[in-house]
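Chain by chain, the residues run as shown.
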Amino acid sequence: AISGASLTGLTSSQMPTGSVLQFVSGVDDTSRDGTGEMQSDAVTITPSSSSSVIFLSFNMALETRSSPTDRGITVKILRGSTVIYAQTYELYASVSNASSQRISNTTYTLKDSPSSTSAVSYTFKITATSGIARMNQYGKSFLSVFEIGA
């Protein structure tokens, strides 16, 4: 058995491949709505190695509503200003009722390889494809990033 005392002083390079080296999380509870692009608060991590993989888990509180019969939300996940994932027509709705809405806590998980030891910021952006998009109107968005040793 390994005692906790023998684990002190380990560096990230001494950890086995696949180990979680860091965890950073943030909560975005600022309500936003509109027809244009809206961006979440950022969560920032500084990788300890340029070979590390970053695992992201974003749980977004989203809503689409208003009069167009075909509507949805475009979701983009960004590293800095670079789009690393995009999904068109999240919460898609094709309805005849002009006042209907769709509300969801939507989770995205993905990995990124920033190849850097500089601070890296991750955010998500949403845009209404038509109608109105809302973020954090009926809940909070949670952003979590993990540095995984490679």
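Here we summarise the structure given alongside this text. (Residues numbered from 1 in each chain as written. Predicted model: local features only at pLDDT ≥ 70, side-chain atom pairs only at ≥ 80, totals over all residues. Heavy atoms only, no water.)

## Some thoughts on the overall build of the protein chain
Helix and strand counts for the protein chain come out as zero helices and 11 strands. If you list the helices and strands of the protein chain from N to C, you get β-β-β-β-β-β-β-β-β-β-β. Split into buried and exposed, the 150 residues of the protein chain put 36% on the buried side. Here the contacts in the protein chain between residues at least 6 apart in sequence split such that 78% fall between residues at least 24 apart. For the protein chain, the exposed area adds up to about 7700 Å²; of that, 48% sits on carbon and sulfur atoms. (Helix = DSSP H or I, 4+ residues; strand = E, 2+ residues; numbered from the N terminus. Buried < 20%, exposed > 50% of the residue type's maximum accessible area, 1.4 Å probe, protein only. Contact = heavy atoms within 4.5 Å. Areas by Shrake-Rupley, 256 points an atom, 1.4 Å probe, with all protein chains shown as cover.)

## Some words on unusual backbone geometry
Here Ser 115, not a glycine, exhibits a phi torsion of approximately 50 degrees, which is positive. Here Ser 115 is to be found in the loop between strand 8 (101–112) and strand 9 (120–128). Using a relative accessible area of 56% as the deciding quantity, one classes Ser 115 as exposed. The backbone phi angle of Asn 136 is positive, close to 65 degrees, even though this residue is not glycine. Relative to the helices and strands, Asn 136 is located in the loop between strand 10 (132–135) and strand 11 (141–148). For Asn 136, a relative accessible area of 4% puts it in the buried group.

## Concerning the nonpolar core
Counting 22 residues, the largest nonpolar core has Phe 58, Tyr 122 and Ile 126 as the members making the most contacts within it. Within the residue set of this core, elements represented by two or more residues are strand 4 (43–45), strand 5 (53–65), strand 6 (70–79), strand 8, strand 9, strand 10 and strand 11. (Core = buried A, V, L, I, M, F, W, Y, C linked by side-chain atoms within 4.5 Å.)

## Brief notes about the environment of Gly 72
With respect to the secondary-structure elements, Gly 72 resides in strand 6. Between the C-alpha atoms of Gly 72 and Tyr 89, which are 17 residues apart in sequence, the distance is 4.5 Å.

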